[in-house]
Amino acid sequence: MSDQKTAVITGGGQGIGKGIAKRLASDGFAIILSDMNEEVLNTTVKEFKEQNINVASFVGNVSKPEDQEALVKTAVDHFGRVDVFINNAGIEQVAPIDNIQPSELEKLFQVNVFGVVYGIQAAAKQMKKQGTGGKIINACSIAGHQAFTMLAAYSATKFSVRAFTQAAAKEYAKDKITVNAYCPGIVGTGMWDRIDAGMVEYMGLEQEEAFKKFSEGIALGRTQEPEDVANFVSYLASSDSDYMTGQSVMIDGGIVYN
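Per an unreviewed UniProt entry, the protein chain carries the name diacetyl reductase [(S)-acetoin forming] and comes from Metabacillus rhizolycopersici. Note on the protein chain: under the UniProt heading Function (unreviewed entry), the record states "Catalyzes the irreversible reduction of 2,3-butanediol to (S)-acetoin in the presence of NADH."

1. Let's talk about the nonpolar core
The biggest cluster of nonpolar side chains holds 38 residues, and the ones touching the most others in it are Phe 85 and Ile 136. Looking at this core, the elements that each hand over two or more residues are strand 2 (30–35), strand 3 (55–59), helix 3 (65–79), helix 4 (102–130), helix 5 (152–172) and strand 6 (177–184). With seven residues, the top contributor of residues to this core is helix 4. Beyond its immediate sequence surroundings of up to four residues, Ile 136 is in contact with Phe 85, Asn 87, Ile 120, Ala 123, Ala 124, Met 127, Ile 177, Thr 178, Val 179 and Asn 180. Membership of the second largest hydrophobic core comes to 28 residues, among which are Val 55, Ile 86, Ala 139 and Tyr 182.

2. A word on the packing of helix 3 against helix 4
At their nearest, the axes of helix 3 and helix 4 sit 9 Å apart, and the two run at 40° to each other. Note on packing geometry: the crossing formed by helix 3 with helix 4 is right-handed. Where helix 3 approaches helix 4, its residues Pro 65, Gln 68, Glu 69, Val 72 and Val 76 are matched on the opposing element by Gly 115, Tyr 118, Gly 119, Ala 122, Ala 123, Lys 125 and Gln 126. Here the contact of helix 3 with helix 4 is composed, by residue class, of six nonpolar, four polar and two charged.

What counts and what doesn't
- Residues numbered from 1 in each chain as written.
- Predicted model: local features only at pLDDT ≥ 70, side-chain atom pairs only at ≥ 80, totals over all residues.
- Heavy atoms only, no water.
- UniProt positions renumbered as here; feature names shortened; annotations may be inferred.
- Core = buried A, V, L, I, M, F, W, Y, C linked by side-chain atoms within 4.5 Å.
- Buried < 20%, exposed > 50% of the residue type's maximum accessible area, 1.4 Å probe, protein only.
- Helix = DSSP H or I, 4+ residues; strand = E, 2+ residues; numbered from the N terminus.
- Contact = heavy atoms within 4.5 Å.
- Axes fitted to C-alpha atoms, helices over the stretch in contact; angles between N-to-C directions.
- Left-handed = near helix turned anticlockwise from the far one by under 90°.
- Nonpolar A, V, L, I, M, F, W, Y, C, P; charged D, E, K, R; others polar.

Right, dumping it as structure tokens:
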């Protein structure tokens, strides 16, 4: 087994996932990036290699348990170990409750909830095998602490992530595996572009008006960058958080207080 620790990040080709990967690489981790979008993933991997980051990749769908198992195997094949597994991949949906369709609801839960569960299972299996403990880190949201208008289904998936984070933390504590989650607020990524577009459709707002409207309530006076989230995930991935487990912590600049 290599002495260099390995971090696996799903949805790591862009946005918050990419930001997390860059930060953990600077912290000394070997990186495995997973994403469904092969083109975006390859571009990010090329960029990382040009920066001399020790990186490998896997094209996969988190909602398929066999893909999550294969992702962990890829990490072990390349770097011999999995120390940190970050369930970052997720999708959004903007719609009033009356308009939520069964197929949309199913897809949302498959990615945001089932994908997290399958990632937890695959990571924990390998970490137990290694016998060295590990850290599983899940992407939650401020919408996992407070449900938002037009984001009911999305909020429900993130409340579920909090539940699985707490339960997994209790079950894996004996194996020295901690399980925590980060809860971003309003990040200027592609996801918020799509949320903004949905708000335009259903609420009659102008383009980018929803983004500005939600941003006005941030106590620190600015929207967050992927690096803001990555800085906190760096702590969760480090030995400094060894005595922390089962927590879903908001990193939102001051929007939701809990």
